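Reading the structure
In case you want the letters, here they are:
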Amino acid sequence: MVERDEVIGLVVVLGVIGIVLLGFVAWLAAHRAVAPLAEALRLQRNFVADASHELRTPLTVLTSRLQVLQRRLDRGEGAGEVVGQLRADAASMADVINDLLLSAEGAAEPGEPATAVADAVRAAVSSMEVLAHEAGVRIETRVDATPTVTVPQVSVARCVVALVDNAVQHSPAGATVEVLVGVDGEMASLRVRDSGPGIEGISPERIFERFARSSENPRRRSFGLGLALVRDIARRYHGDVTVESTSPQGTTLLLQLPRTR
């Protein structure tokens, strides 16, 4: 016959087990309830970081153009051309903001209008000329083919700006950044070559990860977002961006997007 003390002990043990199981179930339920909030907070933080980064270069361009405008006005020279460029830069910034908001909604919408890659490249390079000039770097563009892609022009331009900005910031004064437009099979290709020291301090395949950085940029602090955003855009439209080559003589980054023709 089971002793009373043994019965009491068994009841206590079962009670403890029940309390532990109840606590685990409560923790699991709370964790599942909080998970969507945590994911929403993560997405919000990512969007704020992405928007801040994407507007950083256009704002720098605007500041540089304003300095050029001020110098021309001080010398009594005509400023119409610079004012036109400022207007175009402001419109481009508005397009970037709209593209970021659309990107935050999710995947790419079907039926995007065809974009001529060369046109997007020329517009983006034109906006970057003022920053390249300040860095003492030349940008040369070569169009070997004229592919079109079903990607909004502003998205292609964002990729070009990020890739060219990265190349300019890592090239020494007097160097040339090459921007090459072409076709690789069914893909439209964009190669950006710099004359920097190559990728250092990080494996090449990691430079497209968020907040990953190679050796510190001597010209401007990097937050490790630009190339990650290029990859996000490329993969959203079934393309990709890779390191085609890197060495002490320079680095070539390759952006590929499915072409329509």
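Up top is the structure.
Below or above, wherever it landed, is the structure these notes cover.

**Overview of the environment of serine 127**
Tracing the backbone shows serine 127 in helix α3 (residues 117–135). Through-space distance from the C-alpha of serine 127 to that of leucine 86 is 9.7 Å; in sequence the pair is 41 residues apart. Contact partners of serine 127, with chain neighbours within four places excluded, come to Val61, Arg65, Asp89 and Val161.

**A closer look at the packing of α3 against helix α4 (residues 153–169)**
Where α3 meets α4, the closest approach of the two axes is 8 Å, and the angle between their N-to-C directions is 30 degrees. By the angle class used here, α3 and α4 are roughly parallel. In this structure, the crossing between α3 and α4 has a hand that is right-handed. Residues Asp119, Ala120, Val121, Ala124, Val125, Ser127, Met128, Ala132 and Ala135 of α3 touch α4, and the partners they reach there are Gln153, Val156, Ala157, Val160, Val161, Val164, Asp165 and Val168. Considering only residue class, the contact of α3 with α4 consists of 13 nonpolar, two polar and two charged.

**Some points on the sheet that holds strand β4 (residues 176–184)**
Taking strand neighbours across the sheet as the criterion, the five strands line up as β2-β4-β5-β7-β6 in an open arrangement whose pairing is mixed. Of all strands in the sheet, those with a lone pairing partner are β2 (138–143) and β6 (240–247), marking the two edges. When strand polarity is set aside, the average angle formed by the axes of neighbouring strands in this sheet is 15 degrees. Bridge analysis of β2 against β4 gives six bridges, and the strand direction is parallel. Bridge assignment links isoleucine 139 to a residue of β4, and that residue is valine 177. Against the sheet, α3 engages β2, β4 and β5 (187–193), with an angle of about 170 degrees to β2.

**Remarks on the pattern of salt bridges**
According to the stated counting rule, one finds seven salt bridges in the structure shown. Across the salt bridge formed by arginine 122 and aspartate 119, the nearest N and O atoms sit 3.3 Å from each other. In this pair, arginine 122 and aspartate 119 both sit in helix α3, three residues apart, roughly one turn of the helix. Exposure remark for arginine 122: the relative accessible area of 45% places this residue in the partly exposed category. Here the salt bridges share partners, and the residues they tie into one network are Asp184, Arg191 and Glu244.

**A closer look at empty space enclosed by the protein**
Counted according to the given criterion, the structure contains one cavity of 30 Å³ or more. Of the pockets and cavities examined, the largest cavity occupies roughly 50 Å³. What lines the largest cavity is Val117, Val156, Ala188, Ser189, Leu190, Leu255, Gln256 and Leu257. Broken down by secondary-structure element, the contributors of at least two residues to the lining of the largest cavity are β5 and β7 (250–258). Counted by class, the lining of the largest cavity contains six nonpolar, two polar and no charged residues.

**A few points about the side chain of serine 171**
In this structure, serine 171 sits in the loop between α4 and β4. Looking at serine 171, its side chain comes within polar contact range of the main-chain oxygen of alanine 167, at 2.8 Å.

**Some words on the nonpolar core**
In terms of nonpolar packing, the biggest core is built from 43 residues, with Leu163 and Leu190 touching the most fellow members. Among the secondary structure elements, those contributing two or more residues to this core are α3, α4, β4, β5, α5 (226–236) and β7. Non-local contacts of leucine 190, meaning those with residues more than four positions away in its chain, are made with Val121, Val160, Leu163, Val179, Leu180, Val181, Leu253, Leu254 and Leu255. Judged by nonpolar contacts, the second largest core, of nine residues, contains Leu55, Leu69, Val96 and Leu100.

Thresholds applied
Residues numbered from 1 in each chain as written. Predicted model: local features only at pLDDT ≥ 70, side-chain atom pairs only at ≥ 80, totals over all residues. Heavy atoms only, no water. Helix = DSSP H or I, 4+ residues; strand = E, 2+ residues; numbered from the N terminus. Contact = heavy atoms within 4.5 Å. Axes fitted to C-alpha atoms, helices over the stretch in contact; angles between N-to-C directions. Parallel < 35°, antiparallel > 145°, perpendicular 65-115°, else oblique. Left-handed = near helix turned anticlockwise from the far one by under 90°. Nonpolar A, V, L, I, M, F, W, Y, C, P; charged D, E, K, R; others polar. Pairing = 2+ DSSP bridges. Salt bridge = Lys/Arg side-chain N within 4 Å of Asp/Glu carboxyl O. Buried < 20%, exposed > 50% of the residue type's maximum accessible area, 1.4 Å probe, protein only. 1 Å grid on protein atoms, 1.4 Å probe; cavity = no way out; pocket = protein on both sides within 12 Å on 5 of 7 lines; lining within 4 Å. Points joined across faces, edges and corners; volume = space filled by probe spheres on them. Polar contact = N/O pair within 3.5 Å; in protein donor to acceptor, adjacent residues only side chain to side chain. Core = buried A, V, L, I, M, F, W, Y, C linked by side-chain atoms within 4.5 Å.

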